[in-house]
Amino acid sequence: DQDNIPSMKKVSKRPSAFLDRDGVLNKDTGFAHKPSQIEWISGAKAAVAFLKNQGYLVFVVTNQSGIARGLYTEDDVESLHAWMNKDLLQAGSCPIDDFRYSPYHPEFDNGHYSDFKDWRKPSPGMILDIMEHWPVDNTRSFLIGDRKSDIKAAEAANIRGFLFDGGDLLSFVEAILASQ
């Protein structure tokens, strides 16, 4: 009987913001892996809340070669990301929806992280993985990064990329949304 078949609700795709971490959300101090090393970029916490309030999913995509270099562990990165979400909430902002990181670096590859080489920006693997697991509307999505490799990853994933060279992240995000 057709009437008893449950309907498959189509999940509506949402615009998404992909943010590099070091140099976009927090100052790039080199291989940050502990809360004490995080200094938020001006306007970063407000930018996350603004994006979420505008209906965007917010993701972090970050190269973390310090893992392959032996400077810190995957657990350190995951603990730091959990702390970042807690700190965002405590500041009255909103949490990041999901994080992806690539531990791979070609100069420090012992084979342990080579499965993640397509995740290392400028490759689009982290972005594509999120798109597989979340309802991302890539036509209304974008990436903000502080390096050309970030922009190349965005282009390879078929989303727009914006180069952030410092200043106030909220103002930068507001300008992007106003231009759409």
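The structure displayed is predicted, hence computed values, not measured ones. (Residues numbered from 1 in each chain as written. Predicted model: local features only at pLDDT ≥ 70, side-chain atom pairs only at ≥ 80, totals over all residues. Heavy atoms only, no water.)

Asks: Honestly, the packing of aromatic side chains in this entry has me stumped. Any pointers?
Replies: The geometry of an aromatic ring pair is captured by the separation of the ring centres together with the interplanar angle, meaning the angle of the planes. Under the defined criterion, the tally for this structure stands at six aromatic pairs. Ring geometry for phenylalanine 164 and phenylalanine 172: centres 5.1 Å apart, planes at 75°, overall edge-to-face. For phenylalanine 172, a relative accessible area of 22% translates into the label partly exposed. Ring-pair connections join several aromatic residues into one group, and the members of that group are Phe18, Phe59 and Trp134. (Phe/Tyr/Trp six-rings, centres within 6.5 Å; stacked < 30°, edge-to-face > 60°. Buried < 20%, exposed > 50% of the residue type's maximum accessible area, 1.4 Å probe, protein only.)

Asks: Which parts of the structure should I look at to understand helix α3 (residues 125–133)?
Replies: At 3.6 residues per turn, the α-helix brings residues three or four places apart onto the same side. Those residues of α3 that fall on the buried side of the exposure criterion are Gly125, Met126, Ile127, Asp129 and Ile130. Where α3 is buried, its residues contact β1 (16–19), β2 (57–63), β3 (98–102), β4 (142–145) and α4 (148–156). (Helix = DSSP H or I, 4+ residues; strand = E, 2+ residues; numbered from the N terminus. Contact = heavy atoms within 4.5 Å.)

Asks: What exactly am I supposed to notice about the side chain of aspartate 129 here?
Replies: Tracing the backbone through its elements, the reader meets aspartate 129 in helix α3. On the basis of relative accessibility, which here comes to 16%, the residue aspartate 129 falls in the buried class. Beyond its immediate sequence surroundings of up to four residues, aspartate 129 is in contact with Arg100 and Trp119.

Asks: What am I meant to see in the environment of leucine 71 here?
Replies: Along the chain, leucine 71 turns up in the loop between β2 and α2 (74–90). A C-alpha to C-alpha distance of 33 Å links leucine 71 and valine 136, two positions 65 residues apart in sequence. Leucine 71 has contacts with Phe31, His33 and Gly66, leaving out every residue within four places of it along the chain.

Asks: Help me understand the sheet that holds β4 in this model?
Replies: Strand pairing in a sheet takes place through backbone hydrogen bonds and is either antiparallel or parallel in direction. Across the sheet, five strands lie side by side as β3-β2-β1-β4-β5; this open sheet has parallel pairing. Looking at strand neighbours, the two that pair on one side only are β3 and β5 (160–163), the edges of this open sheet. The average undirected angle you get between the axes of adjacent strands in this sheet is 20°. The pairing of β4 with β5 spans four bridges and is classified as parallel. Across the sheet, residue phenylalanine 142 finds its bridge partner in β5, namely arginine 160. Packing against the sheet, helix α5 (residues 169–178) makes contact with β4 and β5, and its axis sits at approximately 150° to β4. (Pairing = 2+ DSSP bridges. Axes fitted to C-alpha atoms, helices over the stretch in contact; angles between N-to-C directions.)

Asks: What's the story with unusual backbone geometry in this structure? I'm lost.
Replies: Among all residues save glycine, negative phi is the norm, and among peptide bonds the norm is trans. In this structure, proline 122 follows lysine 121 across a cis peptide bond, with omega equal to 25°. Mapped onto the elements of the fold, proline 122 is located in the loop between β3 and α3. A positive phi angle, close to 60°, is found at phenylalanine 31, a residue other than glycine. Secondary-structure assignment places phenylalanine 31 in the loop between β1 and α1 (44–53). Note on phenylalanine 31: relative accessible area 37%, which makes it partly exposed.

Asks: Is there a simple way to think about α5 in this case?
Replies: Of the residues making up α5, those classed as buried are Leu169, Leu170, Val173, Ile176 and Leu177. One face of α5 carries all of its buried residues, which in axial projection span an arc of 125°. On its buried side, α5 packs onto α1, β4 and β5. Measuring from the backbone nitrogen of leucine 170 back to the side-chain oxygen at the start of α5 gives 3.2 Å, which picks out aspartate 168 as the cap. (Arc of directions from axis to C-beta. Polar contact = N/O pair within 3.5 Å; in protein donor to acceptor, adjacent residues only side chain to side chain.)

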